[in-house]
Amino acid sequence: MEIVICPTASEAGKLGAAAIAALLQRQPEAVLGLATGSSPLHIYDELAARCQAGEVSFAQAKGFSLDEYVGLPSDHPETYHNVIRRDFVHRVDFDDSGVHGPDGLAADIPAFCASYEEAIAATGGVDLQILGIGTDGHIGFNEPGSSLASRTRIKTLTKQTRIDNARFFGGDIDQVPTHCITQGLGTIMAARHVVLVASGTAKAEAVHQLAEGPVSALWPATILQHHPHVTVLLDEAAAGRLQLTGYYRETYASKPAWQGL
Ligand code: GLP
């Protein structure tokens, strides 16, 4: 796991965007794993700017979202289907029909989840998965207690996550759905490269656990310690509880340029 501590969240986002742009340059039809939330917004801002400047194209790429609320009407502005389009897909030259996400209104949720796994596999799998992290260490919506081998399925959101996300629902936790469909930890682990971005002091403990804690279902993101290619992009605040910061800084500063992220 590579930890990169940046002066600001914006710098972290620029590094993440550069990794995605480099991937698309070598592989224009790459499959991207897309994450909602505030964490990846700097990545999306930078990619939108690069796309407008003609430096990167998503025209041949495909995307799979991590998760979706269960039961929100399709025209609700906070469905992740709509959020990812507003925050990213419609700001670049992505073909809308090439961007998939869990169906939070599926009549048969287990059957839908199986078909989502098959759809990801049919493309050859995710080349680069963008991730945020919850304050409780969730990735996607894999809350504490999630099976470390889980695949796409329905989950119950924790009260903490619903409190965290109430800001998108007028500050009213009762408006936040209680259930979601999320790619599992096993699904996320199948991505070839994982780029996790986190900023702010609220994420510092989750980031410490992610990189330095024991692998445990209590902090689901810790499963990423078993992944061979994870890049963690942090601002100073999110790095505030890490123990080996000196080593991470030295490692990144002396990294051979050819290595990339
Ligand atoms: C949300 C999403 C995650 C996201 C996380 C953190 O609930 N399901 O994909 O990474 O929680 O959100 P934010 O980036 O807004 O802090």
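Predicted, not measured: the structure shown is a model, and the values here were computed from it. For every chain, the first residue of its written sequence is number 1, and the numbers climb from 1 along that sequence. Local features in this predicted model are restricted to residues of pLDDT 70 or higher, and side-chain atom pairs are both shown and tallied only at a pLDDT of 80 or more, whereas totals for entire chains, interfaces and linings draw on every residue. The side-chain numbers reported here are obtained from all heavy atoms of the structure, hydrogens and water having been left aside.

*Asks:* Looking at this model, I keep getting lost on the overall build of the protein. Mind explaining?
*Replies:* Only DSSP runs of H or I with at least four residues qualify as helices, and only runs of E with at least two residues qualify as strands; both kinds are numbered from the N terminus onward. Counting its regular elements, the protein contains eight helices and 10 strands. The C-alpha radius of gyration computed for the protein amounts to 17 Å, which stays within 12% of the reference 18 Å derived for 261 residues, consistent with globular compactness. By its C-alpha atoms, the protein is 55 × 40 × 35 Å across when sized along the principal axes. The buried share of the protein, taken over its 261 residues, is 52%. Throughout, a residue-residue contact means that at least one pair of heavy atoms, one from each residue, lies within 4.5 Å. For the protein, restricting intrachain contacts to residue pairs at least 6 apart in sequence, the fraction spanning at least 24 positions comes to 77%. Two things to know: the radius of gyration comes from C-alpha atoms, and the globule rule equals 2.2 Å times the number of residues to the power 0.38. Relative accessibility under 20% of the residue-type maximum defines a buried residue, over 50% an exposed one, and the middle range a partly exposed one, all with a 1.4 Å probe and only protein chains included.

*Asks:* Would you take a moment to explain the site of the ligand for this structure?
*Replies:* The rule for a residue being near a molecule or strand is that one of its heavy atoms must lie within 4 Å of it. Residues in close proximity to the ligand total 14 residues, the closest being S38, S39, D67, H138 and K203. We call two N or O atoms a polar contact when they sit within 3.5 Å, provided that within protein one can donate a hydrogen and the other can accept it, with sequence-adjacent residues counted only if both atoms are side-chain atoms. The separation between an oxygen atom of the ligand and a polar main-chain atom of I133 is 3.5 Å. In the model, an oxygen atom of the ligand is placed 2.6 Å from a nitrogen or oxygen of the K203 side chain. Cavities and pockets are found on a 1 Å grid laid over the protein atoms alone: a cavity is a set of points where a 1.4 Å probe fits but cannot escape, a pocket is an open set with protein on both sides within 12 Å along at least five of seven lines, and a lining residue has an atom within 4 Å of such a point. Occupancy of a cavity or pocket is assigned to a molecule whenever over half of its atoms lie within 2 Å of that pocket's grid points. According to the grid-proximity analysis, the pocket containing the ligand is the largest pocket. Amino acids outside the nonpolar list (Ala, Val, Leu, Ile, Met, Phe, Trp, Tyr, Cys, Pro) and the charged list (Asp, Glu, Lys, Arg) are all regarded as polar, and Gly is one of them. Its residues assigned to classes, the shell around the ligand comprises three nonpolar, eight polar and three charged.

*Asks:* Teacher, can you tell me more about the sheet that holds strand 8 (residues 179–182) here?
*Replies:* Neighbouring strands of a sheet are bound in pairs by backbone hydrogen bonds; such pairs are parallel or else antiparallel. Pairs of strands are assigned from DSSP output, requiring at least two bridges between the strands. The strand order across the open sheet formed by three strands is 4-8-7, and the pairing between neighbours is antiparallel. The open sheet is flanked by strand 4 (67–69) and strand 7 (153–156), the only strands paired with a single partner. Between one strand and the next, the sheet's axes are offset by a mean angle of 30°, whatever the strand orientation. Pairing between strand 7 and strand 8: four bridges, direction antiparallel. In the strand pairing of strand 8, R153 is matched with T182. Axis lines are fitted through C-alpha atoms, for helices just across the contact stretch, and the angle between N-to-C directions can take any value from 0 to 180 degrees.

*Asks:* I keep staring at the pairing of strand 10 (residues 230–235) and nothing clicks. Help me out?
*Replies:* Consecutive residues of a regular strand have side chains that alternate between opposite faces of the sheet. Most of strand 10 is tucked away: six of the six residues are buried. Relative to strand 10, strand 1 (residues 2–6) runs parallel, the two being bridged by five bridges. Within strand 10, the residue paired with C6 across the bridge is D235. For the segment spanning strand 9 (residues 193–198), helix 7 (residues 204–212) and strand 10, crossover handedness is right-handed. Call a crossover right-handed when, viewed with both strands pointing away from you, the route from the first strand across the helix to the second goes clockwise.

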